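Residues per chain, in single letters:
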Amino acid sequence: MLTLENLTIEQGDFRLKADWSVPEGSVTAIVGPSGGGKSTLLSMIGGYFSPTSGRIFWKEADIGALPPGKRPVSTLFQDNNLFPHLTVAQNVGLALRPDLRLGVGENEQVEAALAEVGLGGFGARKPGTLSGGQASRAALARVLLQSRPLILLDEPFSALGPAMRREMLELVAEKLKGRTVLMVTHDPEDAKQIADLLVMVDGGVANAPVATSKAFARPGPALAAYLGRK
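1. Brief notes about helix H4 (residues 132-146)
Phase 1 of the analysis: Its 15 residues place the ends of H4 22 Å apart at the C-alpha level, agreeing with the 21 Å of an ideal helix rising 1.5 Å per residue.
Phase 2 of the analysis: In terms of residue burial, H4 counts as a mostly covered element, since twelve of its 15 residues are buried.
Phase 3 of the analysis: Every buried residue belonging to H4 is among Gly133, Ala135, Ser136, Arg137, Ala138, Ala139, Leu140, Ala141, Arg142, Val143, Leu144 and Leu145, and all of these are buried.
Phase 4 of the analysis: Just downstream of H4 lies serine 147, where phi reads positive at about 55°.

Pasting the structure below:
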């Protein structure tokens, strides 16, 4: 279980608070107006921003003081965070060894991960030669190899067209099944497609998760306004 206990961050006039838990193995969509703090929330969980107060627990262990690399967390960013000077295989191999001194077995793991996301044979290519969907798949392969139980998706597929976006979400649902996933999105259809729970961020608060089907069937005032419903 991931628990945010009275978690608060204050940056000038900006303030965001979260006080809730999500069960292990669930997929939670995080929605809300631009600038509301969705990405900031993920950054606190991932260890990239320090909260002003509060604690973050994973399976009853307080992980709030750990640096990003020591947390049980993998983050997939909007730009996929692929290094242009490295090959696709090297980018994925960073999940196993940051110095890229991979043995035969580790190289086989990289190739297997690429094949798993439909990029078999792409290892020698550079990221600049990939389409948007292929780059997203390469970044997802790296996440798979990291084998961490908590996955943060910060709008990694927002630049893709509708068909490719749906395909990538299906791939996430399939390949990350059993892991705990938090996904920031601006598209309600993303949440409907794969999310068990929905968190609405509005007015400085990341509200407690609600079952996705219930949230859309009977949206509260903030979600209704976000969806453009009266």
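So, next bit.
2. Looking at the pairing of strand S7 (residues 150-154)
Phase 1 of the analysis: For S7, a buried count of five out of five residues is recorded, marking the element as mostly surrounded by other parts of the structure.
Phase 2 of the analysis: Residues Leu150, Leu152 and Asp154 point to one face of S7 and Ile151 and Leu153 to the other, with burial holding for every one of them.
Phase 3 of the analysis: Here strand S6 (residues 73-76) runs beside S7; their pairing, made up of four bridges, is parallel. The residue of S7 that forms the bridge with serine 74 is isoleucine 151.
Phase 4 of the analysis: For S7 and strand S8 (residues 180-184), the ladder comprises five bridges, and the chain directions are parallel. By the bridge assignment, leucine 153 is partnered in S8 with methionine 183.
Phase 5 of the analysis: Taken together, S7, helix H5 (residues 162-175) and S8 form a β-α-β motif whose crossover is right-handed.

3. A few points about the packing of aromatic side chains
Phase 1 of the analysis: Considering all chains together, one arrives at one aromatic pair under this definition.
Phase 2 of the analysis: Aromatic pair tyrosine 48 and phenylalanine 77: ring centres 5.9 Å apart, planes at 65°, arrangement edge-to-face. Here tyrosine 48, found in the loop between helix H1 (38-46) and strand S4 (53-58), pairs with phenylalanine 77, found in the loop between S6 and helix H2 (88-93); they are 29 residues apart in sequence, far enough to count as distant.
Phase 3 of the analysis: Overall, phenylalanine 77 belongs to the partly exposed group, its relative accessible area being 26%.

About the thresholds
- For every chain, the first residue of its written sequence is number 1, and the numbers climb from 1 along that sequence.
- Since the coordinates come from a predicted model, pLDDT governs what is reported: local features require at least 70, and pairs of side-chain atoms require 80 or more to be given and counted, while whole-chain, interface and lining totals use all residues.
- Only heavy atoms go into the side-chain values, all of them from the structure, while hydrogens and water stay out.
- Here a helix means four or more residues in a row that DSSP labels H or I, a strand means two or more in a row labelled E, and each is numbered from the N terminus.
- Between the first and last residue of a helix there are one fewer steps than residues, each counted as 1.5 Å, and that sum is the expected span.
- Relative accessible area decides the class of each residue, using a 1.4 Å probe on protein chains only: under 20% of the type maximum gives buried, over 50% gives exposed, and in between gives partly exposed.
- Here a strand pair is declared whenever DSSP counts at least two bridges between the two strands.
- When the strands point away from the viewer and the path from the first strand over the helix to the second turns clockwise, the crossover is right-handed.
- Pairs were defined over the aromatic rings of Phe, Tyr and Trp, the Trp ring being its six-membered one, requiring ring centres within 6.5 Å. Orientation was assigned from the angle between planes: stacked under 30 degrees, edge-to-face over 60, tilted for the rest.

These results come straight from atomic positions and should not be treated as a statement about function.
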